[in-house]
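The chain contents come next:
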There are 4 protein chains.
Amino acid sequence: MVKIAFAGVGNNASALLQGAELARRSGDAAITVSGCPAIGGEGVQDIVAVAAFDVDEAKVGDDLAAAILAPPNCYPRLVDVAETGVVVSPGPVLDRPGTAAPMDATALSRSRAEIVEELVASKAEVMIYGLPTGRPRAAAFYAECALGAGVAFVNCTPEPVARDPGTRAAFEAARLPLLGDDLASHLGSSVVHQTLLKLLRDRGIVLDSTFQLNVGGNADFANLRLCPESKLATKHNALRLPDEDGDKVHVLPSAGAVKGLADQKVAFIDVAGRGWAGTPVHVEIRLGVQDSSNAAGVIADLVRIGALAARKQVGGFAGGAEFLFKAPAGDGPASCDALAAGIAQLEAHRTLDRVPAGNA
Amino acid sequence: MVKIAFAGVGNNASALLQGAELARRSGDAAITVSGCPAIGGEGVQDIVAVAAFDVDEAKVGDDLAAAILAPPNCYPRLVDVAETGVVVSPGPVLDRPGTAAPMDATALSRSRAEIVEELVASKAEVMIYGLPTGRPRAAAFYAECALGAGVAFVNCTPEPVARDPGTRAAFEAARLPLLGDDLASHLGSSVVHQTLLKLLRDRGIVLDSTFQLNVGGNADFANLRLCPESKLATKHNALRLPDEDGDKVHVLPSAGAVKGLADQKVAFIDVAGRGWAGTPVHVEIRLGVQDSSNAAGVIADLVRIGALAARKQVGGFAGGAEFLFKAPAGDGPASCDALAAGIAQLEAHRTLDRVPAGNA
Amino acid sequence: MVKIAFAGVGNNASALLQGAELARRSGDAAITVSGCPAIGGEGVQDIVAVAAFDVDEAKVGDDLAAAILAPPNCYPRLVDVAETGVVVSPGPVLDRPGTAAPMDATALSRSRAEIVEELVASKAEVMIYGLPTGRPRAAAFYAECALGAGVAFVNCTPEPVARDPGTRAAFEAARLPLLGDDLASHLGSSVVHQTLLKLLRDRGIVLDSTFQLNVGGNADFANLRLCPESKLATKHNALRLPDEDGDKVHVLPSAGAVKGLADQKVAFIDVAGRGWAGTPVHVEIRLGVQDSSNAAGVIADLVRIGALAARKQVGGFAGGAEFLFKAPAGDGPASCDALAAGIAQLEAHRTLDRVPAGNA
Amino acid sequence: MVKIAFAGVGNNASALLQGAELARRSGDAAITVSGCPAIGGEGVQDIVAVAAFDVDEAKVGDDLAAAILAPPNCYPRLVDVAETGVVVSPGPVLDRPGTAAPMDATALSRSRAEIVEELVASKAEVMIYGLPTGRPRAAAFYAECALGAGVAFVNCTPEPVARDPGTRAAFEAARLPLLGDDLASHLGSSVVHQTLLKLLRDRGIVLDSTFQLNVGGNADFANLRLCPESKLATKHNALRLPDEDGDKVHVLPSAGAVKGLADQKVAFIDVAGRGWAGTPVHVEIRLGVQDSSNAAGVIADLVRIGALAARKQVGGFAGGAEFLFKAPAGDGPASCDALAAGIAQLEAHRTLDRVPAGNA
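Scope of this entry: the structure provided in the associated data block. (Residues numbered from 1 in each chain as written. Chains lettered and ligands numbered in written order. Predicted model: local features only at pLDDT ≥ 70, side-chain atom pairs only at ≥ 80, totals over all residues. Heavy atoms only, no water.)

Overview of the overall build of chain A
When you go through chain A residue by residue, the secondary structure sums to 10 helices and 10 strands. Taken against the 2.2 N^0.38 rule, which gives 21 Å for 360 residues, the C-alpha radius of gyration of chain A at 20 Å falls within 12% of a compact globule. With the C-alpha coordinates of chain A rotated into their principal frame, the extents come out at 70 × 45 × 45 Å. Burial statistics for chain A: of 360 residues in total, 59% are counted as buried. The long-range fraction of contacts in chain A, counting pairs at least 24 apart against all pairs at least 6 apart in sequence, stands at 77%. Accessible area for chain A stands at about 13,000 Å²; split by element, carbon and sulfur atoms hold 53% of it. Of the side chains in chain A, 32 bear a positive and 41 a negative charge, and the two mean positions are spaced by 2 Å. (Helix = DSSP H or I, 4+ residues; strand = E, 2+ residues; numbered from the N terminus. Rg over C-alpha atoms; globule rule 2.2 N^0.38 Å. Buried < 20%, exposed > 50% of the residue type's maximum accessible area, 1.4 Å probe, protein only. Contact = heavy atoms within 4.5 Å. Areas by Shrake-Rupley, 256 points an atom, 1.4 Å probe, with all protein chains shown as cover. Lys, Arg positive; Asp, Glu negative; His and termini not counted. Charge placed at Lys NZ, Arg CZ, Asp CG, Glu CD.)

Listed below in structure tokens is the structure:
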């Protein structure tokens, strides 16, 4: 069993818990990026929530099974998730996106100590951080809580947590995994765009101009239209462009929110180039995905890698997880082969299993 | 200078000669698949036609510079090509696509000996075979002519020439290059489709169904709608699918001819799959290219590789050219790196330069 | 209640019967082209099958409720249709698409008299003819059977039945409705293409070139690729082009069969034109529909119009049904307003209700 | 000859002047929305600029022929426009988009009297107002200047000028035409979207959800992303939706600026609905146009209608011009037929021709 805690009970939590429930019911191996039925002996069906934090009064105080379906969450209801016994706990409000001014102390309605205590009591092994983009203080706060509680940390957002040298050093010192930043998608617009641009380069096509637009209906898209900076940086990074092509590329992480799409995401990718005799090459792509499934198929690997690394007392960035992030803190190759190798290496790692803090 | 002969004066010949003329005028390196400004010391600006064969009375008897613009050719006129001094010579009609019956001898209006004599007199180093798809007898005939004249042979079509063991052995014995079969496109629907399907497999997405449609306005598309078999086989081969996915893929090499597109080609690629929790992934691609530019950017590399190999007396399939064909006779890796390595190896090859047959 | 007979138990029959069943269960008005909850007092929920003919041994002899789901039928199973008590009866094989030679008499395994007798016994009011495209003899045969049995006839296919002057005169003389030819789609590629081209003309845009491709996975698409002529003619007719634009339009009724699409249909429409200062205008459309729903939403209106006209003894083409066909036999305006008016006129028609032949 | 003045020398001015120059050179009738070679006896070739105002120092002080090509203008150079003799004159800066605070008097560097004097001296008959969206004060200012100078006014932007009751009354009292607001495009995303939605309604398809995204590279798109409100209102208005569908529609007038597109505009329109038996209907449209050609093909009609109405002393909204605006001040039908009728009516109007103010 892999015990997880959520910082943010959004659509990703809904997708992860419903997918785990479906895996338990069907008995089939779930579809994840790694393709591994088991990581460290744990399958998707073994993922279990033990704690959750949110600020939305429609979720706080409810059982997690109900909270994942509360609006504005809009991931489809694929299966009935049984009551979890986990009640969503209130978290502090630390950032007001769009304002630069520092928060005053009173905004911090819950202390770090309280959250740490809850985490320890829950025996969580991995915390999944997934608040809306643009809340760097919240990201830092929950990372400190995880560190204090001896819990591995997965940062799904573009905030620089795993890339922050101080935070990373602290997790390494504590032999705690710290995996981030900014989830790659199971199959997202960045990897499709990057793959196409690489293909053109390999074939000698000269790039003239390319753009990528993303729209969707969940809360992420409204947030992104307002504060696209951190997302934009990791999006560009994810395209792995040669320097000379940088200014030919235009990415709009959120072209805007289209409420009717609910949790679906649509990306439009357009590439214009030239081949032989200067004649035009034009590629247009439309990618339609279930946005939060795209995240959950990656998170399901990360929580198992995080739990395995925690048990093996391997701290910091680990497990060949570069492939799973748009802005990975690690500097290894970002490929499915490297991921498979990293997982195998972790599984073979000879360290006494850690007893999670507070679980003694 | 690289001296070439055309078997078939279609749009590919038009694109190749106009592109070479543009390269001579601009002084810039042309855009080709390999990205090599020079192969064996020869640039695109060094490619010169010395012989040409066709059966169309609108072309036979005219200077090549005029013939490449004669309908049904429909490649755009990008530049005025000066008179070449090469008059298009008549070739035999050997196949009637759609009929299985053997041709009688009288159909062969010109003998092999006549064609060989012309080739020798022209001092051609490489013949480019590019008759419409579905004429296996013509392909075999011209290959024999090239062999007889000591001329390297490039088969742009899906007919099995380089893959034919007997033909290949004969070229190897004569130390003559034989490059084929079925041109990869500079950037075509096969490689885009293949790249996308591989990306999905790498990310763990389960393929449900995918199709690929191609339409264009040149003569190739009308021919293909009638006899798609040889093309279809190499198209499927080009997708490099795992066995279990074979029946999920539907390729229509020519969905039909759309005259208004002239030499433009439009491909529609559609992929439906499933990710986390069985939720759908849908990718739609529209690829628009100048069909014959897509060929010429590959032929421009092949004729230079062919001439280099001929001069080095390297027979058979050579030069890492697997990357340049949909159904390559060679079994090396089909990658741009392998192509670069193959070219470098040929350039370093230590053989006395051949004096082309009849050029003494 | 509207009693119908099927000539051909394909996907359209499946869509119609499942949709009627859903209407009965939900109690909601079904979605049809006319938008009329009732025509002549009959709703979609009142449509009931009483006879059916087919040549496929997987269907003949089975209850209609089972036969509509037998492959190659591939319309999705949306609802369980209860046993109908109607056993699919064998029909004659009269055409071999692709051959011009006349059938010999022995191919006609069942006589007209036998079919007429069955129709009369079933008390059917309307026959829906929907064999695969390219079977003009079968279309004529069933029309004669309907005429003989005093049953209204709806021709869903492009075969010229309602447009045949002799056939039409015979139905008019018998005061029997004859509605055809070639179903318009509820929302199909023809009407979308036509609407877009009209918009461009209205706005002064000059048309350069346009194409329309259709692909799907049901049996119709494989048939159409082989014998597209009759379909192509009605497709072009449906675009209602000014004469000067005729040769700028390329329609491929079936670009090919893509089995993975099953009963889904995808149409790609592409329009290139020029506006102010000769600068380009380019419109690309992708239309995805459930092919047989697209038919059933029209048939559901036609059978009710046919029954109403039959009861009113209004023979021939009637009811403003021009809007419902690509190649209507009538010459009234093809608009939704004219349809509404035609239905209202029929409903107001003062004629003693007919007692269907043989139903006395 | 039609003498025009520009308030704002952007891409629309460039498109209009280049198109008029091409019409003079080719002798062919230009392509405009109305399709009228002449309106009030004036062709597109008769349109001549006599005054221009802007705030950009790259344009002010230069001849209009040079100014229309100065960045950030990015309409393609289609033809060399000869020197016009019209020097771009400085205009006041009256709005700072994004701030609600009123401008102080010193921002008004040029008085109304100065602008009026220039207009009168130029003998302009029609002013074309085309500053970037989001500058209501500038729009009001230039309308007052035109009124003061006895010049007809065309408002190309979404600012409410012609819809402002006071402004309209003043122009009517002065018998001066006032045409606005917000140009319809020659062929734009609004009319394509509206036409498609109407088609679906006419066919009985139930609308589930639809979105429209627009991207482009000119200055308009960057401005719109910042202040979309006025544009959004007219965009929604342009779709002419029934009330019950209002909340199913999501329009993003500017999804963002994609610099690489320069003056091209790409719109993505997506419609999801349901037909028979609740099965899905999905339409995707991609519209690519030259953004400012799309405006110029409408402006070329408006300036001729404006000049004709001015000469006939017909004040206020006139000429059936509802078809030419997204938010027309007039309440007549917006159709090409009504436009043709309105023009004919103006041409037949019996009024002594006005002598433009200051032209005596």
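A closer look at the relation of the copies chain A and chain B
Of the transformation placing chain A onto chain B, the axial shift is 0.0 Å and the rotation is 180°, giving an RMSD of 0.0 Å. Given the turn and translation reported, the copies of this chain are related as if by a two-fold rotation axis. Every residue of chain A has its C-alpha some distance from the rotation axis, and the shortest such distance is that of Ile-285 of chain A, at 2.3 Å. (Least-squares fit on C-alpha atoms with pLDDT ≥ 70 in both.)

Quick look at the pairing of strand S7 (residues 206-216) of chain D
Residues and elements named next belong to chain D. Within S7, nine of the 11 residues are buried, leaving the element largely enclosed by the surrounding structure. Bridging between S7 and strand S9 (residues 264-274) involves 10 bridges; their strand directions are antiparallel. What sits directly across from Phe-211, in S9, is Asp-270. Sheet topology places S7 next to strand S8 (residues 249-257); six bridges connect them, and they run parallel. Across the sheet, the residue bridging to Gln-212 is Val-251, located in S8. (Pairing = 2+ DSSP bridges.)

What to know about the sheet that holds strand S5 (residues 152-155) of chain C
Two modes of strand pairing occur in sheets, parallel and antiparallel, and in both the strands are linked by backbone hydrogen bonds. Residues and elements named next belong to chain C. Taken together, the six strands give an open sheet; going across it, the order is S3-S2-S1-S4-S5-S6, and neighbouring strands pair in parallel fashion. Pairing within the sheet leaves two strands with one partner each, and these edge strands are strand S3 (89-90) and strand S6 (178-179). As paired strands, strand S2 (residues 47-54) and S3 are joined by two bridges and run parallel to one another. Directly across from Phe-53, in S3, lies its bridge partner Ser-89.

Structural notes on the environment of Leu-176 of chain B
Residue and element names in this part refer to chain B. Its place among the elements puts Leu-176 in the loop between helix H5 (165-173) and strand S6 (178-179). According to the relative accessible area criterion, Leu-176 is buried, its value standing at 1%. Residues Leu-176 and Ile-285 lie 109 residues apart in sequence; the distance between their C-alpha atoms is 40 Å.

What to know about the packing of helix H4 (residues 136-149) of chain B against H5 of chain B
Residue and element names in this part refer to chain B. Orientation of H4 relative to H5, taken along the N-to-C sense of each, is 15°, at an axis distance of 10 Å. Taken together, the axes of H4 and H5 are roughly parallel relative to one another. For the crossing formed where H4 meets H5, the hand is left-handed. Seen from H4, the contacting residues are Ala-143, Ala-146 and Leu-147; seen from H5, they are Thr-167, Ala-170 and Phe-171. Looking at the contact of H4 with H5 residue by residue, the classes come out as five nonpolar, one polar and no charged. (Axes fitted to C-alpha atoms, helices over the stretch in contact; angles between N-to-C directions. Parallel < 35°, antiparallel > 145°, perpendicular 65-115°, else oblique. Left-handed = near helix turned anticlockwise from the far one by under 90°. Nonpolar A, V, L, I, M, F, W, Y, C, P; charged D, E, K, R; others polar.)

Regarding the packing of aromatic side chains
Summed over the entire model, instances satisfying the criterion amount to 30 aromatic pairs over all chains. Between Phe-268 of chain A and Phe-211 of chain D, the aromatic rings sit 6.4 Å apart at their centres with planes inclined by 70°, giving edge-to-face as the arrangement. Taken together, the positions of Phe-268 of chain A in strand S9 (residues 264-274) and Phe-211 of chain D in strand S7 put the pair across two chains. You can call Phe-268 of chain A buried: its relative accessible area is 6%. Take Phe-211 of chain D: its relative accessible area is 1%, and that puts it in the buried class. Taking 6.4 Å as the distance between ring centres and 45° as the angle between the ring planes, the aromatic pair formed by Phe-153 of chain C and Phe-171 of chain C counts as tilted. (Phe/Tyr/Trp six-rings, centres within 6.5 Å; stacked < 30°, edge-to-face > 60°.)

So, the packing of helix H3 (residues 112-122) of chain A against helix H4 (residues 136-149) of chain A
Residue and element names in this part refer to chain A. Where H3 meets H4, the closest approach of the two axes is 9 Å, and the angle between their N-to-C directions is 50°. Judged by the angle between their axes, H3 and H4 are oblique. For the pair H3 and H4, the crossing hand works out as right-handed. Listed contacts from H4 to Arg-112, Ile-115, Val-116, Leu-119 and Val-120 of H3 are Phe-141, Tyr-142, Glu-144, Cys-145, Ala-146, Gly-148 and Ala-149. Class assignment for the residues of the contact of H3 with H4 results in nine nonpolar, one polar and two charged.

Some remarks on helix H6 (residues 189-202) of chain C
All names here are of chain C. With 14 residues, H6 should cover 20 Å at 1.5 Å per step; its first-to-last C-alpha distance of 20 Å lies within 8% of that length. Most of H6 sits inside the fold, with 10 of its 14 residues counted as buried. When we look at burial in H6, the residues that qualify are Ser-189, Ser-190, Val-191, Val-192, His-193, Thr-195, Leu-196, Leu-197, Leu-199 and Leu-200. A positive backbone phi angle near 80° is found at Gly-204, which sits one or two residues after H6. (Expected span 1.5 Å × (residues − 1).)

So, the interface of chain A and chain B
By a widespread convention, an interface's size corresponds to the accessible area lost as its parts come together. Between chain A and chain B, the residue contacts involve 48 residues of the former and 48 residues of the latter. Both faces considered, chain A and chain B share a buried interface measuring about 3,800 Å² in area, 66% of it formed by carbon and sulfur atoms. Sorting the residues of chain A by area buried against chain B places Ile-31, Arg-203 and Trp-276 of chain A first, and these three jointly supply 26% of that buried surface. Where chain A packs against chain B, one counts zero salt bridges. Listed by contribution, the elements that provide at least two residues to the side of chain A that touches chain B are helix H1 (11-26), helix H6 (189-202), strand S10 (280-290) and helix H9 (291-311) of chain A. Counting residues per element, the side of chain A that touches chain B draws most heavily on S10 of chain A, at 11 residues. When the residues that make up the side of chain A that touches chain B are grouped by side-chain class, the tally is 30 nonpolar, 13 polar and five charged. In the sheet, S10 of chain A pairs with strand S10 (residues 280-290) of chain B via nine bridges, with the strands oriented antiparallel. The partner of His-282 of chain A across the bridge, within S10 of chain B, is Gly-288 of chain B. (Buried area = accessible area lost by both parts, 1.4 Å probe. Salt bridge = Lys/Arg side-chain N within 4 Å of Asp/Glu carboxyl O.)

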